[in-house]
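Overview (structure and organization)
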Amino acid sequence: MKKIKKMLLLFFVFIPFNLNSETCDEKIISTFSVAAYHSETEEVGVAVQSKFFGVGVVVPWVKAGVGAIATQSFANTTFGPRGLEMMKEGMSPEETLNALIETDDNPGMRQVGLVKADGTGFTYTGKECMDWAGGTVETTEDGITFAAQGNILASKKVVEAMAEAMHKNTHLDFAARLVAALIAGQEQGGDSRGMQSAALLVEKEGSGYGGYTDVKYDLRVDDSKNPFKELKRLLDIGRPIALTFEAYNLTYEGKFEESLKIFLNLVELYPEDASHPYNAACSYALQGNSEESIKMLKKAISIDESIIGWMNSDPDLKSLRGMEDFKNLSLLKKNDWFFGNR
């Protein structure tokens, strides 16, 4: 057993330095990424792309209320959890990076972007990283601090385009802005070896399902000819789900105005989805606004009559059940009721 372990150790030590082998190429996390924190929404996140299979399990590390780290180029994956713990304990991004590379066996090959949930950031590119390699740390006018970096890129323009996209796309939400930065980088050549995988990891305290986790988005495209297109598609699917989770968490915290704002925004963004006016109706009902709740229920039923089954069994609408307008709605298409759980 000891002999086998020794052989394995030799394999993993020597193979990476055979720069002509295809196996080596698969070990290099040569990529471009953006790590960011939004002071307004208190979201932290990392978006990343690489000519590397499954980059999402290696590069992005985030912790709500703490910060975000992207570790790449012969990535030392311990930099993620260790770095987040250091920042949580009060160290700045630069202090954290210095502490990490002091104990690293190959700091010259590493590249790391760090952003803390206090609006500070730092990017590091080891002297032995392959050209083009570098990064930038900036803060947008609307309060997003980001570290954008990459190695084995087509040129410096990749990082410059990512930074410009972070500054100008103020009409996009935080997650979409990170993805837009990746796309902008790719338009300038991106990873000089090509495309394969991409990932988006975003956290905000209590924004996960039921408020039990902080994970708002954890999207991964492990192998694709166009990972950007697929990542954007997954985000478009996941956005209304993530926003609904966040709105309901706010509702049950008693933050009705904040939650209702999200629900009504979803009604506008996705007019063909009956669940959004239905959820707005529940929010209105919990606030005691029966008139607006009935209006939203009518809107939901006009899109999908099976909503009637939900409203007749949902405790959020209990305050409406004695109302004549509600009874009239609940009698519609009685035989087609569908009882489901939200």
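What counts, and at which threshold
- Residues numbered from 1 in each chain as written.
- Predicted model: local features only at pLDDT ≥ 70, side-chain atom pairs only at ≥ 80, totals over all residues.
- Heavy atoms only, no water.
- Salt bridge = Lys/Arg side-chain N within 4 Å of Asp/Glu carboxyl O.
- Helix = DSSP H or I, 4+ residues; strand = E, 2+ residues; numbered from the N terminus.
- Buried < 20%, exposed > 50% of the residue type's maximum accessible area, 1.4 Å probe, protein only.
- pLDDT = per-residue confidence, 0-100.
- Contact = heavy atoms within 4.5 Å.
- Phe/Tyr/Trp six-rings, centres within 6.5 Å; stacked < 30°, edge-to-face > 60°.
- 1 Å grid on protein atoms, 1.4 Å probe; cavity = no way out; pocket = protein on both sides within 12 Å on 5 of 7 lines; lining within 4 Å.
- Points joined across faces, edges and corners; volume = space filled by probe spheres on them.
- Nonpolar A, V, L, I, M, F, W, Y, C, P; charged D, E, K, R; others polar.
- Axes fitted to C-alpha atoms, helices over the stretch in contact; angles between N-to-C directions.
- Parallel < 35°, antiparallel > 145°, perpendicular 65-115°, else oblique.
- Pairing = 2+ DSSP bridges.
- Core = buried A, V, L, I, M, F, W, Y, C linked by side-chain atoms within 4.5 Å.

**Regarding the pattern of salt bridges**
For the structure shown, the criterion picks out 13 salt bridges. Put simply, E43 and K216 hold a salt bridge, and the shortest N to O gap is 3.0 Å. In this pair, E43 sits in strand β2 (residues 43-50) while K216 sits in strand β10 (residues 215-221), placing the two residues 173 residues apart along the sequence. Among the ionic pairs, K295 bridges to E292, the shortest N-O distance being 3.4 Å. Placement of both K295 and E292 in helix α10 (residues 290-303) is noted, with a separation of three residues, approximately one turn of the helix. Its relative accessible area of 46% is what places K295 among the partly exposed residues.

**Overview of the confidence of the model for the protein**
For the protein, the mean per-residue pLDDT works out to 88, and 88% of the residues sit at or above 70. Here residues 334-342 is modelled with pLDDT under 50, and outside its nearest four sequence neighbours on either side it reaches 19 contacts, counting other chains as well.

**Describing the packing of aromatic side chains**
Enumeration over the complete set of coordinates arrives at five aromatic pairs. With centroids separated by 6.2 Å and ring planes inclined at 25°, the aromatic side chains of F32 and F228 adopt a geometry described as stacked. Placement of F32 in strand β1 (residues 31-38) and of F228 in helix α7 (residues 227-252) is noted, with a sequence separation of 196 residues between them. Exposure class is identical for F32 and F228. Each is buried. Between Y278 and W310, the aromatic rings sit 5.4 Å apart at their centres with planes inclined by 85°, giving edge-to-face as the arrangement. With Y278 in helix α9 (residues 275-287) and W310 in helix α11 (residues 307-311), the pair connects residues that are 32 residues apart, well separated along the chain. Using a relative accessible area of 19% as the deciding quantity, one classes W310 as buried. Counting every residue linked through ring pairs, the aromatic cluster contains Y248, Y252 and F263.

**Details of the layout of surface pockets**
There is about 1000 Å³ of room inside the largest pocket. Around the largest pocket, the lining comprises 33 residues; the ones closest to its centre are T41, K204, K216, L243 and E246. Only α6 (174-187), β10, α7 and α8 (256-269) provide two or more residues apiece to the lining of the largest pocket. Considered class by class, the residues forming the lining of the largest pocket number ten nonpolar, eight polar and 15 charged.

**Comments concerning the packing of α6 against α7**
Across the interface, α6 lies against α7 with an axial gap of 11 Å and an inter-helix angle of 170°. Taken together, α6 and α7 sit at an angle that is classed as roughly antiparallel. Contacts between α6 and α7 involve A175, A176, V179, L182, I183 and Q186 from the first element and F228, L231, L235 and R239 from the second. Its residues assigned to classes, the contact of α6 with α7 comprises eight nonpolar, one polar and one charged.

**Describing the pairing of β1**
Counting buried positions over the eight residues of β1 gives eight, a clear majority of the element. Alternating positions in β1 separate into two faces, T31, S33, A35 and Y37 on one and F32, V34, A36 and H38 on the other, with burial throughout. Sheet topology places β1 next to β2; eight bridges connect them, and they run antiparallel. Bridging across to β2, Y37 finds its partner in V44. Where β1 hands over to β2, the hairpin turn is made up of four residues, of which E42 adopts a positive phi near 60°. Summarising the sheet, β1 and strand β8 (residues 144-150) pair through seven bridges and their orientation is antiparallel. Bridging across to β8, Y37 finds its partner in T145.

**A look at the nonpolar core**
With 33 residues, the main nonpolar core has L178 and L200 as its most contacted residues. A total of eight residues in this core trace back to one element, the largest contributor, which is α6. Setting aside its immediate chain neighbours within four residues, L200 contacts V46, A47, A175, L178, V179, Y217, D218, L219, L231 and L235. In this structure, L260, F263, Y278 and Y284 belong to the second largest nonpolar core, which totals 29 residues.

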